[in-house]
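Close look at the chain arrangement
Below, each chain spelled out in residue letters.
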Amino acid sequence: MSTPVNFSSPSHIVARQLIGATFTIDGVGGIIVETEAYDQREPASHTFVGKTKRNAAMFGSPGRAYVYRSYGIHWCLNFVCEAEGYGAGVLIRAIEPIVGLDVMRERRGVDRIHLLCSGPGKLGQALGVKHEFNGMSLTETPFHLTPALKPVDVSCGPRIGISKAVELPWRFGMEGSPFLSRPFR
DNA sequence: GCGACGATTGGCT
DNA sequence: GCCAATCGTCGCC
């Protein structure tokens, strides 16, 4: 057996640990290949401004989901980290599609496997992420999370699409994976 | 009550 | 590479 993911760790530790883990929603998903860490103390995080109605789940207990709407269009999925009341989490940015490929193709409206989960919004659509999942425990239905069975090589670099705290190298990815939202360099 | 602004994506130049 | 789509959240009047 592999070590379970410890969501009580700082988000950048969890983000690295999640690379190679298998995650599904209602049996649809695959291997996590890209994540980003966010922390209450840095300005790029939704929790930087303190607890609000939107980010409340991220101040909840570790090991739960934080789901938010991005640009009024996409549903994005985070795993809450650290501790109750802290305000840290990991954004799931890309997954290598493994199970439920046909369902994902139908939801996404595209055929090519590389376009199914190669970004936080795409992944949300492919896995059927809904706002109702906000605050739900990752150990409960419909979620299923299995830690990486063996160690994987992990790349890291600056986070994508943010304007603040761009210097933090808190984006992590499976080295050489063709399923990333963008390559590392 | 109102306006500015995204942890994005996809289509077009 | 650039830019529009699209709408809930948040801060401020």
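Please refer to the structure higher up on the page.
As a starting point, this report considers the structure included with it. (Residues numbered from 1 in each chain as written. Chains lettered and ligands numbered in written order. Predicted model: local features only at pLDDT ≥ 70, side-chain atom pairs only at ≥ 80, totals over all residues. Heavy atoms only, no water.)

Some remarks on the overall build of chain A
Assigned secondary structure in chain A consists of three helices and eight strands. Moving toward the C terminus, one meets the helices and strands of chain A in the order α-β-β-β-β-β-α-α-β-β-β. In summary, chain A has a C-alpha radius of gyration of 15 Å against a globular reference of 16 Å for 185 residues, a match within 12%. Overall, the C-alpha framework of chain A stretches about 40 × 35 × 35 Å when taken along its three principal axes. Buried residues in chain A amount to 50% of all 185 residues. Pairs at least 24 apart in sequence give 57% of the contacts found in chain A among residues at least 6 apart. Total accessible area on chain A stands at roughly 9100 Å², and carbon and sulfur atoms take up 54% of it. The centroid of the 20 positive side-chain charges in chain A is displaced by 5 Å from the centroid of its 16 negative side-chain charges. (Helix = DSSP H or I, 4+ residues; strand = E, 2+ residues; numbered from the N terminus. Rg over C-alpha atoms; globule rule 2.2 N^0.38 Å. Buried < 20%, exposed > 50% of the residue type's maximum accessible area, 1.4 Å probe, protein only. Contact = heavy atoms within 4.5 Å. Areas by Shrake-Rupley, 256 points an atom, 1.4 Å probe, with all protein chains shown as cover. Lys, Arg positive; Asp, Glu negative; His and termini not counted. Charge placed at Lys NZ, Arg CZ, Asp CG, Glu CD.)

Observations concerning the pattern of salt bridges
The full count for this structure, using the stated rule, is six salt bridges. Close ionic contact of Glu34 with Arg93 constitutes a salt bridge, the shortest N to O distance being 2.8 Å. Here Glu34, found in strand β2 (residues 28–38), pairs with Arg93, found in strand β5 (residues 88–99); they are 59 residues apart in sequence, far enough to count as distant. We note that Glu34, like Arg93, is buried. Between Arg159 and Glu42 there is a salt bridge, with the nearest N and O atoms lying 3.0 Å from each other. Taken together, the residues Arg159 in the loop between β7 (154–157) and β8 (171–174) and Glu42 in the loop between β2 and β3 (65–70) connect sequence positions 117 residues apart. By the burial criterion, Arg159 is buried, and Glu42 matches it. Three or more residues are tied together by salt bridges with common partners; here these are Glu34, Glu36, Arg93 and Arg171. (Salt bridge = Lys/Arg side-chain N within 4 Å of Asp/Glu carboxyl O.)

A short note on the protein's contact with DNA strand C
Taken together, Val49, Thr52, Lys53, Arg54, Tyr71, Gly72 and Ile73 are the residues near DNA strand C. Of all DNA strand C atoms lying within 4 Å of any protein atom, the proportion belonging to sugar or phosphate reaches 71%. In the model, a phosphate oxygen of DNA strand C is placed 3.4 Å from a nitrogen or oxygen of the Arg54 main chain. In the model, a base oxygen of DNA strand C is placed 2.5 Å from a nitrogen or oxygen of the Tyr71 main chain. In terms of residue class, the surface near DNA strand C is made up of three nonpolar, two polar and two charged. (Near = heavy atom within 4 Å. Polar contact = N/O pair within 3.5 Å; in protein donor to acceptor, adjacent residues only side chain to side chain. Nonpolar A, V, L, I, M, F, W, Y, C, P; charged D, E, K, R; others polar.)

Considerations on the protein's contact with DNA strand B
Near DNA strand B you find 20 residues, and of these His46, Tyr68, Asn78, Gly119 and Gly121 are the closest. The sugar-phosphate portion of DNA strand B accounts for 52% of its atoms within 4 Å of the protein, the bases making up the rest. In the environment of DNA strand B, a phosphate oxygen lies 2.8 Å from a nitrogen or oxygen atom belonging to the backbone of Gly121. Mapped onto the surface near DNA strand B, the elements with two or more residues apiece are β3, β4 (74–81), β5 and α3 (120–127).

With respect to the nonpolar core
Formed by 39 residues in total, the largest nonpolar core has its most connected members in Leu18, Phe23, Phe79, Ile92 and Leu127. Going through the elements one at a time, α1 (11–18), β1 (22–25), β2, β3, β4, β5, α3 and β8 are the ones with two or more residues in this core. Tallying contributions element by element places β5 first for this core, with five residues. Apart from residues lying up to four places away in sequence, Leu18 is in contact with Val5, Phe7, Ile32, Thr35, Phe79, Val90, Ile92 and Leu145. Formed by ten residues, the second largest nonpolar core is a distinct cluster that contains Ala57, Met58, Cys76 and Ala165. (Core = buried A, V, L, I, M, F, W, Y, C linked by side-chain atoms within 4.5 Å.)

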